[in-house]
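The lines below spell out each chain.
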Amino acid sequence: MNRWNFEADYFTACNCDWGCPCNFNARPSEGRCMGWGVWNVVRGQFNEVSLDGTRFALYYKFPGPVEEGGGTACAYIDSRANGAQQNALTEIGTGKAGGGIFGLFGAELVTTWLPTKVVPIEFEFVDGTGRVSIEGFGEAESELLSYPDGTIIRPELELPHGIEYKQGLMTNAKRWWWRDEDLLASYADRYGAVARVKFTEDGCIG
């Protein structure tokens, strides 16, 4: 059995309205799920391989609610990772090494995995505002949410039993797009969230 863990800064966005009803066991805003996440690993270990400073992203597409399965997905690994790190992140991202949400999606909910891509990944965030780029495949801009009069708000979502994160700051995915085979999407002003997360082979622990 692989033993691994990591702590990472995390950004996620999808096609749902702010807050994402999927977080509350409700149907996606459009009835389908087109979502993704990027992990900027601060520190981590996969068996004997250090994951410090690595990055990876996952994109998922489901025809209905996630729990109904039938998804198509792809893993994207930062090209600055060395060969051993790339292999480790691919094992984690595609669910072959367990890890709660990774294993659940990889083994049960995703029926089609596109070939893993190794590309430069940029991750630039300060307090919920920033951008991510998966070169040639996807990009997003995030900003803090605000009222119509411009007043900034900072709603946080606490999910004690969350398998993706336990506590996240809700943001506005001001703009995001994705282009990879039939993984095609372009949205503005949709759900975004940032969080500091901790994972092991048993799942999300923080």
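Above this text you will find the structure in question.
Computed from a prediction, not measured in an experiment: that's the story for all the values here.

### What about the overall build of the chain?
Piece 1. What the chain contains, in helices and strands, is 2 helices and 14 strands.
Piece 2. Here the C-alpha atoms of the chain give a radius of gyration of 16 Å, agreeing with the 17 Å that 2.2 N^0.38 yields for 206 residues.
Piece 3. Over its C-alpha atoms, taken along the principal directions, the chain stretches across nearly 50 × 35 × 35 Å.
Piece 4. Within the span of the chain, comprising 206 residues, buried residues form 55% of the whole.
Piece 5. A sequence separation of at least 24 residues applies to 64% of the contacts in the chain between residues at least 6 apart.

### A short note on the pattern of salt bridges
Side chains that carry opposite charge are capable of pairing whenever their charged atoms lie near each other.
Piece 1. Evaluation of the coordinates by the stated rule reveals 14 salt bridges.
Piece 2. The residue R196 makes a salt bridge to E7 at a minimum N-O spacing of 2.8 Å. Here the residue R196 occupies a position in strand 13 (residues 183-200), and E7 occupies one in strand 1 (residues 4-14), the gap between them amounting to 189 residues.
Piece 3. Residue class for E7 comes out buried when judged on its relative accessible area of 15%.
Piece 4. Across the pair D127 and R154 runs a salt bridge, and its minimum N-O distance is 2.9 Å. One end of the pair, D127, is in the loop between strand 8 (121-126) and strand 9 (129-134); the other, R154, is in the loop between strand 10 (138-144) and strand 11 (156-158), with 27 residues separating them in the sequence.
Piece 5. Given a relative accessible area of 45%, D127 falls into the partly exposed group.
Piece 6. Linked through salt bridges whose partners overlap, the residues forming this network are E124, R131, E139, E141 and R175.

### Structural notes on the environment of W39
Piece 1. Assignment of secondary structure puts W39 in strand 2 (residues 33-46).
Piece 2. For the pair W39 and G99, spaced 60 residues apart in the sequence, the C-alpha separation amounts to 14 Å.
Piece 3. Ignoring any residue separated from it by four or fewer positions in sequence, one finds W39 in contact with F6, A8, D9, Y10, T54, R55, F56, A57, L58, F102, V197 and F199.

### Focus on the pairing of strand 10
Piece 1. Taken across its 7 residues, strand 10 has 5 buried, putting it largely inside the fold.
Piece 2. The pairing of strand 9 with strand 10 spans 5 bridges and is classified as antiparallel. Within the sheet, the bridge partner assigned to R131 lies in strand 10 and is E141.
Piece 3. Between strand 9 and the antiparallel strand that follows it, strand 10, lie 3 residues; G136 among them carries a positive phi value of about 85°.
Piece 4. Note: strand 10 against strand 12 (residues 167-180), 7 bridges, orientation antiparallel. Across the sheet, E139 pairs through a bridge with W177, a residue of strand 12.

### As for the nonpolar core
Piece 1. Counting residues in each nonpolar core, the largest one holds 40 residues, and the members touching the most others are F6, W39, F56, F102 and Y165.
Piece 2. If you list the elements that add at least two residues to this core, you get strand 1, strand 2, strand 4 (55-62), strand 5 (71-78), helix 1 (83-93), helix 2 (101-109) and strand 13.
Piece 3. Core analysis: the second largest hydrophobic core is formed by 26 residues, A57, V119, I134 and W176 among them.

### Describing the environment of D9
Piece 1. Take D9: it is sitting in strand 1.
Piece 2. Setting aside residues up to four positions removed in sequence, D9 forms contacts with V38, W39, N40, V42, F123, A195 and R196.
Piece 3. Looking at D9, its side chain comes within polar contact range of the side chain of R196, at 2.7 Å.

### Observations concerning the environment of L89
Piece 1. Among the secondary structure elements, L89 is positioned in helix 1.
Piece 2. Judged by relative accessible area, which is 0%, L89 ranks as buried.
Piece 3. C-alpha of L89 to C-alpha of N15: the two residues are 74 residues apart in sequence and 25 Å apart in space.
Piece 4. For L89, the contacting residues outside a window of four places in its chain are L51, T54, R55, F56 and I77.

### Comments concerning helix 1
An α-helical turn contains 3.6 residues, so any two residues separated by three or four positions project in the same direction.
Piece 1. All of the buried residues along helix 1 are Q85, Q86, A88, L89, T90, I92 and G93.
Piece 2. A distance of 3.1 Å separates the backbone nitrogen of A84 from a side-chain oxygen at the start of helix 1, and that oxygen is part of N82.
Piece 3. Taken from the residues just after helix 1, G95 is the one with a positive phi, measuring 85°.

What counts and what doesn't
Residues numbered from 1 in each chain as written. Predicted model: local features only at pLDDT ≥ 70, side-chain atom pairs only at ≥ 80, totals over all residues. Heavy atoms only, no water. Helix = DSSP H or I, 4+ residues; strand = E, 2+ residues; numbered from the N terminus. Rg over C-alpha atoms; globule rule 2.2 N^0.38 Å. Buried < 20%, exposed > 50% of the residue type's maximum accessible area, 1.4 Å probe, protein only. Contact = heavy atoms within 4.5 Å. Salt bridge = Lys/Arg side-chain N within 4 Å of Asp/Glu carboxyl O. Pairing = 2+ DSSP bridges. Core = buried A, V, L, I, M, F, W, Y, C linked by side-chain atoms within 4.5 Å. Polar contact = N/O pair within 3.5 Å; in protein donor to acceptor, adjacent residues only side chain to side chain.

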